[in-house]
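Next come the chains, spelled out residue by residue.
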Amino acid sequence: MSPRSDIEAVERANTAFYETLERGDFEELSELWLSATVAGDTGISCVHPGWPVLSGRGEVLRSYALIMANTEYIQFFLTDVKAVVLGDTALVTCTENILSGGPAEESGELGPLVGQLVVATNVFRRTSEGWRLWSHHGSPVLTESGDEEPDAA
């Protein structure tokens, strides 16, 4: 593949990751991650905002199962997406503009919507099945609130 084709393929894999999360398709999400035979028992890692490092395919996938089970609605608007491919490894950085809703209220209506801004790094490995996630790291972006007084210098 040409370098441009590789970048396009990695960008598609990155987009598929977020679209799968939005749909809550755990089976497909599992297929997007490296297999344990390729990465070893602890070779896969994930850091969700505010969580400790999760290591190993089982632990990482359990975290996504918990997130999917406790999130009624989630949508990602990706910005600042940059992909680099070096051999069989690719690095994607992006900003996740997340809109999510909690569990439905007793009335059956969606819980309150919450916005969050996260910067993410996704590392992919090329396999015979295509590009697969090796590591995901998301960190919250701290924003200034209008309530704070400027420092008097």
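You'll find the structure just up there.
Residues numbered from 1 in each chain as written. Predicted model: local features only at pLDDT ≥ 70, side-chain atom pairs only at ≥ 80, totals over all residues. Heavy atoms only, no water.

Draft legend 1. Spatial organisation of the overall build of the protein. Helices and strands together make up the secondary structure of the protein, namely 4 helices and 6 strands. Reading the protein from its N end, one meets helices and strands in the order α-α-α-β-β-α-β-β-β-β. Each of the 153 residues in the protein was classed as buried or not, and the buried ones make up 33%. Relative to all contacts within the protein whose residues are 6 or more apart in sequence, the contacts with residues 24 or more apart total 51%. Total accessible area computed for the protein in this model is approximately 9200 Å², and 53% of it derives from carbon and sulfur atoms. (Helix = DSSP H or I, 4+ residues; strand = E, 2+ residues; numbered from the N terminus. Buried < 20%, exposed > 50% of the residue type's maximum accessible area, 1.4 Å probe, protein only. Contact = heavy atoms within 4.5 Å. Areas by Shrake-Rupley, 256 points an atom, 1.4 Å probe, with all protein chains shown as cover.)

Draft legend 2. Just the pairing of strand S3 (residues 73–86), in detail. Bridge count between S3 and strand S4 (residues 89–101): 12 bridges; the pairing is antiparallel. Within the sheet, the bridge partner assigned to Val85 lies in S4 and is Ala90. The turn joining S3 and S4, which pair antiparallel and follow one another in sequence, is formed by 2 residues; a positive phi near 65° is taken by Gly87. (Pairing = 2+ DSSP bridges.)

Draft legend 3. Broad picture of the layout of surface pockets. Put simply, the largest pocket is a space of about 450 Å³. Taken together, 22 residues form the lining of the largest pocket, with Ile67, Thr71, Ile74, Phe76 and Ile98 sitting closest to its centre. Ranked by residues supplied to the lining of the largest pocket, first place goes to helix H1 (residues 3–23) with 4 residues. Its residues assigned to classes, the lining of the largest pocket comprises 13 nonpolar, 6 polar and 3 charged. (1 Å grid on protein atoms, 1.4 Å probe; cavity = no way out; pocket = protein on both sides within 12 Å on 5 of 7 lines; lining within 4 Å. Points joined across faces, edges and corners; volume = space filled by probe spheres on them. Nonpolar A, V, L, I, M, F, W, Y, C, P; charged D, E, K, R; others polar.)

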